[in-house]
Each structure stands twice: as structure tokens, then as C-alpha cells.
Amino acid sequence: MLKRFIATASLLVSMAGFSHADTLPDYQRSSGISGNLSSVGSDTLANMMAAWTDGFKRLHPGVNIQLQTPGSASAAPALVEGTAQLGPMSRPMRVSEENAFQARFGYPPTAVPVAVDAMAVYVHQDNPLRTISFQQLDAVFSRTLWCGASKPVATWGQLGLSGRWANRDLQLFGRNSVSGTYGYFKQAALCRGDFRADVNEQPGSASVVQSVASSLNAIGYAGIGHQASGARMLAISHQGKKAIKPTPSAIRTGEYPLTRYLYLYINKTPNQPLAPLESAFMRYILSAQGQKAVSQQGYIPLPARAVRAQRQALGLDASLKDSR
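Just so it is clear, the model here is predicted, and its values are computed rather than measured. (Residues numbered from 1 in each chain as written. Predicted model: local features only at pLDDT ≥ 70, side-chain atom pairs only at ≥ 80, totals over all residues. Heavy atoms only, no water.)

Any chance you could break down the environment of Ser215 for me, citing the residues and the numbers?
Within the secondary structure, Ser215 is located in the loop between helix H7 (205–214) and strand S8 (218–223). Taking the C-alpha atoms as reference points, Ser215 and His124, separated by 91 residues in sequence, lie 6.7 Å from one another. Excluding anything up to four places from it in sequence, Ser215 contacts His124 and Gln171. (Helix = DSSP H or I, 4+ residues; strand = E, 2+ residues; numbered from the N terminus. Contact = heavy atoms within 4.5 Å.)

Tell me about the packing of aromatic side chains, and please be specific about residues and values.
All chains considered together, the criterion is met by 15 aromatic pairs. Relative to Tyr221, the ring of Phe185 has its centre 4.1 Å away and its plane inclined at 5°; by these criteria the two rings are stacked. With Phe185 in helix H6 (residues 180–188) and Tyr221 in strand S8, the pair connects residues that are 36 residues apart, well separated along the chain. For the pair Phe185 and Tyr221, a shared accessibility class is recorded, and that class is buried. Plain terms: the ring middles of Tyr263 and Tyr265 are 6.1 Å apart, the flat faces sit at 45° to each other, and that makes the pair tilted. Taking relative accessible area as the criterion, Tyr263 reaches 4% and is therefore assigned buried. (Phe/Tyr/Trp six-rings, centres within 6.5 Å; stacked < 30°, edge-to-face > 60°. Buried < 20%, exposed > 50% of the residue type's maximum accessible area, 1.4 Å probe, protein only.)

Outline the pattern of salt bridges, listing residues and values.
Overall, the coordinates contain 8 salt bridges when judged by the stated rule. In this structure, the salt-bridge partner of Arg91 is Glu97, at a minimum N-O distance of 3.0 Å. Taking the relative accessible area as the measure of exposure, Arg91 reaches 7% and is therefore buried. Look at Glu97 and you get buried, because its relative accessible area is 11%. Across the pair Asp194 and Lys186 runs a salt bridge, and its minimum N-O distance is 2.9 Å. Given a relative accessible area of 21%, Lys186 falls into the partly exposed group. Salt bridges sharing common partners tie together Arg91, Arg94 and Glu97. (Salt bridge = Lys/Arg side-chain N within 4 Å of Asp/Glu carboxyl O.)

So what about the packing of helix H2 (residues 46–59) against helix H9 (residues 276–285)? Which residues, and what values?
Put simply, H2 and H9 touch, their axes get as near as 10 Å, and they point 115° apart. Here H2 and H9 pass one another in a crossing that is right-handed. In contact with Met49, Trp52, Thr53, Gly55, Phe56 and Leu59 of H2, H9 contributes Leu277, Ala280, Phe281, Tyr284 and Ile285. (Axes fitted to C-alpha atoms, helices over the stretch in contact; angles between N-to-C directions. Left-handed = near helix turned anticlockwise from the far one by under 90°.)

So what's going on with the pairing of strand S2 (residues 63–68)? Residues and values would help.
Regular strands have side chains that alternate between both faces of the sheet. The pairing of strand S1 (residues 35–40) with S2 spans 6 bridges and is classified as parallel. Paired with Gly35 across the two strands is Val63, which belongs to S2. A crossover links S1 with its parallel partner S2, the connecting element being H2, and its sense is right-handed. (Pairing = 2+ DSSP bridges. Right-handed = clockwise from strand over helix to strand, strands pointing away.)

Encoded structure:
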């Protein structure tokens, strides 16, 4: 039963061996592709889904793709109810979400990793802070302090800043609970602890970064693809190791500690091919053109061998031969 094509551990190995010399398969246009698709899910993937949609529709003008991006938590119900064929998520489905899908269809949803992302911690560009540790993140954002912080942090002086910064209060920004970014940060940076009540929840990741850029005392978390002028990303240290900046190289190798994969969930009947339109769209995403769009949106494309493995597992190249 095909549940996930590439496990996270396998992807980490693939990313460690990433080479720019690797070549991705080009998208080969099929004739007769038309119809409607609906996508409901992640805000983090909104710009990428829009870029993929635009590129695909240029090749297939008879296709209409509707995009809704309220957050990752909306993807599973939309797939279960049949109101969407595509469910972008910035986190893996929870067990309860997978169980609901399996109860409806008799088999699990199929998760397709489509890009690599990293969670960044942003401060105002004029803030002198350059690094932050996991324990400090716990003290800043969590009320439960399950990552080992001894007490909450309320001022920039408690993070090591001095002078006029020492007594400035922190202003916290983050995502709302429907977001996969919220869930990932809660799990990875807060040791599954609870957020503080004074975190200003935003409806989108771009809003988080824009809020940080607009407030001198602000600190917030969002994906690297939402970097904007006026805000700067911090280097992060974990378990006493040196602080690592979220550079493409550090993200590809897994050295940066808040690296994650972005997924597109689909409803694929085991041992059955995807419908022609869904198959063509997935081939576009998992192609040189589709992964170029990932880079253009500020994220990290999948390595070529991971792309090929997913294409094979989905039967995309076989369906392409059958369509000729």
C-alpha cells in the first residue's frame, strides 16, 4: 500500500548528496489535457502552487485550477469530502487525519514531497541580535518550557542585548493553529509545548514577516520563502552546537536544525494510475520546470534522484508513454 513515496530519513540522505550537476527530467507536454482541479491547503505553499498553476496552464490552456490556501489543516477534510484533488501541506498529516481518510476510502492518502523548506526566525533588520538557541526560542515563544528553558524571556536584555535594547519588551508574531507552520514550530522548536498567549497570530506567513519588518521589537517565525526587506533571519544553535544560518547549503545537508519538507497530498487508489489531468500536473511539479519554480519562490528544490523515485512510485512516466 503506497502511503509515502520517500520517507523523511531517505530524503535527508538524498539531500546530503545533492549536486547541482544532477539533472531533472523535463516536462513533456501531453495532448488532450483539460478539465478542472481544486487545491485546498497550506498558505506556505500558496505562491508555489500559483507558480505551478500558471506554468502548467500556459502549456494546457484548457485546464482550470482553483486554489484555496486557508492552512494545512484544511487539506485533509477537503480530500476526504472530495472538494479538492490536491492537498498542499507544510507538515505530514496527523494520524487522526490519515485515519479519517482511510475510513472514507479504504486506503491511506498519498503524500508527495514537492520541495524543501526551512523555518526561519525573523527579527527587525535594525535589531543587533544575530543568533538564538533552541532553549531561548522555548523561553521566548512557549509557556510550558518543555525544551529546558528555566524561565520565560520578556525583554531583549534577557537574550543578551545591552544598552538601549536591554529593557525593550519582545513583541511576538506567529501563525494561527490551522497552519502547518504553527504545528511544525510547536513540535520542533517548542518540544510539543504550548505557545504563550501573547503571540500575535497571523493568518499567513507573509503577514508574520511583514509584521516583524514593521516593528523594531518584533520576533517571529515563518518559512524562508517569505523573506522580505526590513526583516532579517537569525542563525540558530541546537544542543550546544554552533549557530547555523538558513543558507541553501545548510538546508540541503540538514545542518540547519529547522529544515522540513513540503507535501502535496493526493487521493491515489493503490495499483491504479492517476487520472490524466492529475498525472500531468504531478509530472509538471516533479520536472525541471516545476522544480525551477521552487527555486524562484525562495525554496529548495528536491534532488534529482528523489524526483525520479517519486515519479516512478506514482507511475508518471508510464502514464506518459500510455498517453502518446
